[in-house]
Amino acid sequence: MDCEQSVALLSDLNDGLLSEAEQALVRKHLDECPPCHCVFTELQVIVVTAKELNANGELAAPDAAVIWQRISVTRVAN
Amino acid sequence: MAVTEVEKPPKTDYELAQQAATGDVAAFEELYHRHFRRVYALCLRMTANATEAEDLTQEVFTQLYHKVGSFRGESAFTTWLHRMTVNVVLMHFRRRQSRPEFTTDEGETPIQIVQGTENPDRMPVVDKIALERAIARLAPGYRSVFVLHDVEGYEHEEIGRMLGIAPGTSKSQLHKARLTLRKLIREEAAN
């Protein structure tokens, strides 16, 4: 397996979508190839961090009262 | 003899939805305050535009007000509301004719890593802020699939149905989105 083939399968590897034989092939390549191993590690971190985004909603949100006011007006109008 | 006051448990979303369906504005307002941030966050992540996200949040809750009676409690209220939110955002994309472009696997330029450019010792810090910034820079098609799958937890089959694409295309778009995010985060860290 070369790097291009390996990288193409990294999401599937992370998501548990590969057969045991495919997993073994990719993991063997990762053990021997630090750049691909690096890509895989970073993808794993991205996936884990993305899950945390949903858990706590740290995005700066607008004032809930302002939007509620707009909803109230729309609701009455409709 | 002192009477101990038993604190009532907070109403469930389903109970509030049932009350809201009868025109109980206070119950609807409670639902709004419980779910406002999550709905806004989903709209913002999908549009990468704060003004559009505010407008869409308003639209979601306006629709909710009219449709809340159709919630039967068969799934979690959050799941139901999030599906409604995704539909509102996708309708918005279609209205402004900027629906995310989804391509098939054929004809796409493969993302390659170039040997020698990766430095395993220099992994950038992937914190939530860096990831949020990178998500906002993704192409709309990649962003929708990534947000729905990796942030919101939808399966490819469901994403395919919502976006009108094949599950395989969703899977392929997700992989490319993740690789693009990695590249964007690395670029940001290098600057």
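Look up a bit, the structure's there.
Residues numbered from 1 in each chain as written. Chains lettered and ligands numbered in written order. Predicted model: local features only at pLDDT ≥ 70, side-chain atom pairs only at ≥ 80, totals over all residues. Heavy atoms only, no water.

Enquirer: Which parts of the structure should I look at to understand the overall build of chain B?
Expert: In terms of helices and strands, chain B carries 8 helices and 0 strands. Going from N to C terminus, chain B has its helices and strands arranged as α-α-α-α-α-α-α-α. For chain B, with 191 residues in total, the buried portion stands at 47%. A sequence separation of at least 24 residues applies to 67% of the contacts in chain B between residues at least 6 apart. When the accessible surface of chain B is split by element, carbon and sulfur atoms take 51% of a total near 10200 Å². (Helix = DSSP H or I, 4+ residues; strand = E, 2+ residues; numbered from the N terminus. Buried < 20%, exposed > 50% of the residue type's maximum accessible area, 1.4 Å probe, protein only. Contact = heavy atoms within 4.5 Å. Areas by Shrake-Rupley, 256 points an atom, 1.4 Å probe, with all protein chains shown as cover.)

Enquirer: For this particular structure, what's the right way to read the overall build of chain A?
Expert: Secondary structure assignment for chain A yields 5 helices and 0 strands. In chain A, which comprises 78 residues, the proportion classed as buried is 44%. Accessible surface, chain A as shown: approximately 4000 Å² in total, 54% of it carbon and sulfur.

Enquirer: I'm lost on the interface of chain A and chain B in this one. Help?
Expert: For an interface, size is often stated in terms of accessible area lost upon the parts coming together. Counting from both sides, the interface comprises 44 residues of chain A and, opposite them, 49 residues of chain B. At the boundary of chain A with chain B, the tally comes to 12 residue pairs in polar contact (both at pLDDT 80 or more). Elements that contribute at least two residues to the side of chain A that touches chain B include exactly helix H1 (3–8), helix H2 (10–14), helix H4 (34–56) and helix H5 (64–77) of chain A. Considering every element that reaches the side of chain A that touches chain B, the biggest residue donor is H4 of chain A, with 18 residues. Residue composition of the side of chain A that touches chain B, grouped by class: 25 nonpolar, 9 polar and 10 charged. (Polar contact = N/O pair within 3.5 Å; in protein donor to acceptor, adjacent residues only side chain to side chain. Nonpolar A, V, L, I, M, F, W, Y, C, P; charged D, E, K, R; others polar.)

Enquirer: Quick question: what am I supposed to make of the side chain of His82 of chain B here?
Expert: Among the structural elements, His82 of chain B can be located in helix H4 (residues 77–95). With residues up to four places along the chain from it excluded, the contact list for His82 of chain B reads Arg38, Leu42, Glu152 and Tyr154 of chain B.

Enquirer: I keep staring at the side chain of His29 of chain A and nothing clicks. Help me out?
Expert: Residues and elements named next belong to chain A. With respect to the helices, strands and loops of the structure, His29 is situated in helix H3 (residues 20–32). Given the relative accessible area of 10%, His29 is considered buried. Only 3.1 Å separates the side chain of His29 from the backbone oxygen of Met1, close enough to count as a polar contact. Once residues within four sequence positions are removed from consideration, His29 is found in contact with Met1, Asp2, Cys3, Ser6 and Cys36.

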